[in-house]
Amino acid sequence: MKRIFIMLLIACTAITATNVHAQRKQTDNRPKNVIHTLGLIINECGNENGEVYNVTRNPNTNLIEFKDQRVHFTCSANNPNLLQIGNRFKSDEGLCYQFLHIAKGSNEKFSIVTYDNEKQRFTDTFIRKRASQEMWFMATKNSANPRLRDVYAIVWSPKEDNSNMVEGDIFMITSPRPDLYEIDMESSSKTFKIDGRVGYDLNDSLYVFYMADTYEELNDLVKMTDSYEELKKLGDNAHVAYMPVKNKHFGISVEIDKHKAGRIRTVMPDGSLCKLWTNIDMVPGETYRITTHNGYFDEDRDYEHRFGRYSDKSMIKGHDYDDLEIIGGYTEEDTVVINDPISNGIKHVKPMNGSRNNDNPLKGLTTEQIMDLELMAASIEQSKEMIEDLFKAVTTGIGNMPFYGKPKKWEPYDNMFNTISIQNKNFDKLFDKLLSTCSKYGLKQKDLLEPHKFALELLMNQSKAFNEYYMKYGYLSTDAAKCQKQVNKLIEKHMKAMSKAMGLTK
């Protein structure tokens, strides 16, 4: 998710270092935006006669062990929810360990392997079968059971008998992870692997991976050089490996015969080695899955509980912030107090992006309160994107149609203007809820200038579009004029709120 809105709201607290750092973002792994949008398409366009629904539960715990839901659907090519599919999948991309988009026209077919507990065997499930289909696919670890995999996919193609309609299939499948049931299981070998992905918010191209028998030796390795060029001059080194990024993926595969300590560092655009890093316990026969982001990473929590920092087996436990202390990190004298749950202690470390703003409006909020604001902001961002996509569809359609001054020419778009009005009302409702929550959490009006600017940008763009429609065609339909009036009222509302926040009015 772009999280533009929340970045504006809590810019003071956002960690902006473009590197991998030993800071974990503990979130629900369910791709809620994807699930919500697929559900809307199923409810609106799904064909019940073509639905497959199969669930197997553990008879003792009642927990799901296998679930297969497949729904055939037919809808307009301009269906607002279908138009949002790409954005929804991209917004949840950081939650998955496998992500794929295949555009229409590609000859690539795609299938997955699922393990059916009831049948006790693997089966192939074909997702994309034809070149005319567009496909979005993601796989995540199941939130309740990390040994299960959740798959979410959608494919569609134009209907042969109607160019304005499409038909396709939605897949939502929960089954045991195939990698845990392979004949040659990874745990039976001596191979340690990193299966890495670069998140949507990063453009990293190369990582360095250090390996050592002890944590102390790992630190000595890191101190050898400060740049990628210096590191290469040292020649072949059994303790250093390089992980170039290709198609947003990176990784290594090394043979080890005992538990070792590993470390990932980013090669920065200027060739320097980032002063911040990520520590990983290396275990023979295991794979560590990681997704890097701008200032944090999604860890392999199942791995960490079994072998890593949340277990008693870890070689790196309690060393999450040593990068700032060993290398020096930053020159600012300011320090931030961090409550470290792993070492059960308090650390005073330098902030990742230098001195932290003492006027940070969210510095007194709890993690739960910040997460509340993030969730609300995500909903607002989703509403904003839907409104923008609707306007794009209207503008494109109107631009391709000849207008002769006849009001009936607006009729194909009146439903869309009504939908925009509903979305604007929903946007305003969500926004008011966010402001109310911010007030409850102690934020001041002056802290909310940027969110109001965010809302005004959306509304002003709508107002501009209506003005262009009127200038080009000389009139607006009743529904379009009604929507324009709503937009103007909302603009006035936010302008007044900004003036009040700036102390210009009471």
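Structure: above.
All of these numbers come straight from a predicted model, not from anything done at the bench.

Quick look at helix H10 (residues 411-440)
With 30 residues, H10 extends 44 Å between its outermost C-alpha atoms, agreeing within 8% with the 44 Å of an ideal straight helix rising 1.5 Å per residue. Downstream of H10 by a residue or two, Gly 442 has a phi angle that is positive, lying close to 95°.

Quick look at the sheet that holds strand E9 (residues 191-198)
The 4 strands are arranged E12-E9-E15-E16 in an open sheet whose pairing can be described as mixed. The outermost strands of the open sheet, each flanked by one partner alone, are strand E12 (249-255) and strand E16 (297-298). Sheet topology places E9 next to strand E15 (residues 287-292); 6 bridges connect them, and they run parallel. Looking at E15, one finds that Gly 196 is bridged to Ile 290.

Some points on the side chain of Glu 93
By the element assignment, Glu 93 lies in the loop between helix H4 (85-91) and strand E3 (98-102). Among the residues examined, Glu 93 registers a relative accessible area of 8% and is labelled buried.

Focus on the pattern of salt bridges
Under the counting rule described, the total for this entry stands at 15 salt bridges. A salt bridge links Asp 213 to Lys 260; the shortest N-O distance between them is 2.4 Å. Taken as a pair, Asp 213 in the loop between strand E10 (206-212) and helix H5 (215-222) and Lys 260 in strand E13 (residues 260-267) lie far apart in primary sequence, 47 residues in all. A salt bridge links Arg 306 to Glu 286; the shortest N-O distance between them is 3.4 Å. Pair noted here: Arg 306 is in helix H7 (residues 301-306) and Glu 286 is in the loop between strand E14 (273-282) and E15, with a separation of 20 residues, a long-range link. Exposure remark for Glu 286: the relative accessible area of 12% places this residue in the buried category. In the salt-bridge network here, residues are joined through shared partners; they are Asp 213, Lys 258 and Lys 260.

Some words on the packing of H10 against helix H11 (residues 449-473)
Close contact between H10 and H11 brings their axes to 11 Å; oriented N to C, the two are set at 165°. As the angle between them shows, H10 and H11 are arranged roughly antiparallel. The way H10 lies across H11 gives a crossing that is left-handed. Contacts from Phe 417, Ile 420, Asn 424, Phe 427, Phe 431 and Leu 435 in H10 reach Pro 451, His 452, Phe 454, Ala 455, Leu 458, Leu 459, Gln 462, Phe 466 and Tyr 469 in H11. Of the residues belonging to the contact of H10 with H11, the class tally is 12 nonpolar, 3 polar and no charged.

Let's talk about the nonpolar core
One recurring pattern in soluble globular proteins is that nonpolar side chains are buried together. Membership of the largest hydrophobic core comes to 38 residues, with the highest contact counts inside it found for Phe 391, Val 394, Phe 417, Ile 420, Phe 427, Phe 466 and Tyr 469. Elements with a minimum of two residues in this core: helix H9 (367-399), H10, H11 and helix H12 (478-501). Sequence-distant contacts of Phe 427, that is, excluding residues within four places in its chain, are made with Ile 380, Ser 383, Lys 384, Ile 387, Phe 454, Ala 455 and Leu 458. Tyr 207, Met 211, Met 243 and Met 282 belong to the second-largest nonpolar core, a separate cluster that totals 22 residues.

Let's talk about the packing of aromatic side chains
Applying the stated rule across the entire model yields 11 aromatic pairs. Where Phe 192 meets Phe 209, the ring centres are 6.5 Å apart and the plane angle is 20°; that geometry is what we call stacked. Separated by 17 residues along the polypeptide, Phe 192 in strand E9 and Phe 209 in strand E10 bring together distant segments of the chain. The buried category is assigned to Phe 192, whose relative accessible area is 0%. Ring geometry for Phe 391 against Phe 466: centres 5.5 Å apart, planes inclined by 80°, an arrangement best described as edge-to-face. With Phe 391 in helix H9 and Phe 466 in helix H11, this residue pair connects regions lying 75 residues apart in the sequence. In terms of burial, Phe 391 and Phe 466 fall into one category: buried. Ring-pair connections join several aromatic residues into one group, and the members of that group are Phe 89, Phe 99 and Trp 136. Here the basic side chain of Arg 263 rests over the ring of Trp 277, its NZ or CZ set 4.0 Å away from the ring centre.

Definitions and cut-offs
- Residues numbered from 1 in each chain as written.
- Predicted model: local features only at pLDDT ≥ 70, side-chain atom pairs only at ≥ 80, totals over all residues.
- Heavy atoms only, no water.
- Helix = DSSP H or I, 4+ residues; strand = E, 2+ residues; numbered from the N terminus.
- Expected span 1.5 Å × (residues − 1).
- Pairing = 2+ DSSP bridges.
- Buried < 20%, exposed > 50% of the residue type's maximum accessible area, 1.4 Å probe, protein only.
- Salt bridge = Lys/Arg side-chain N within 4 Å of Asp/Glu carboxyl O.
- Axes fitted to C-alpha atoms, helices over the stretch in contact; angles between N-to-C directions.
- Parallel < 35°, antiparallel > 145°, perpendicular 65-115°, else oblique.
- Left-handed = near helix turned anticlockwise from the far one by under 90°.
- Contact = heavy atoms within 4.5 Å.
- Nonpolar A, V, L, I, M, F, W, Y, C, P; charged D, E, K, R; others polar.
- Core = buried A, V, L, I, M, F, W, Y, C linked by side-chain atoms within 4.5 Å.
- Phe/Tyr/Trp six-rings, centres within 6.5 Å; stacked < 30°, edge-to-face > 60°.
- Lys NZ or Arg CZ within 6 Å of the ring centre and 35° of its normal.

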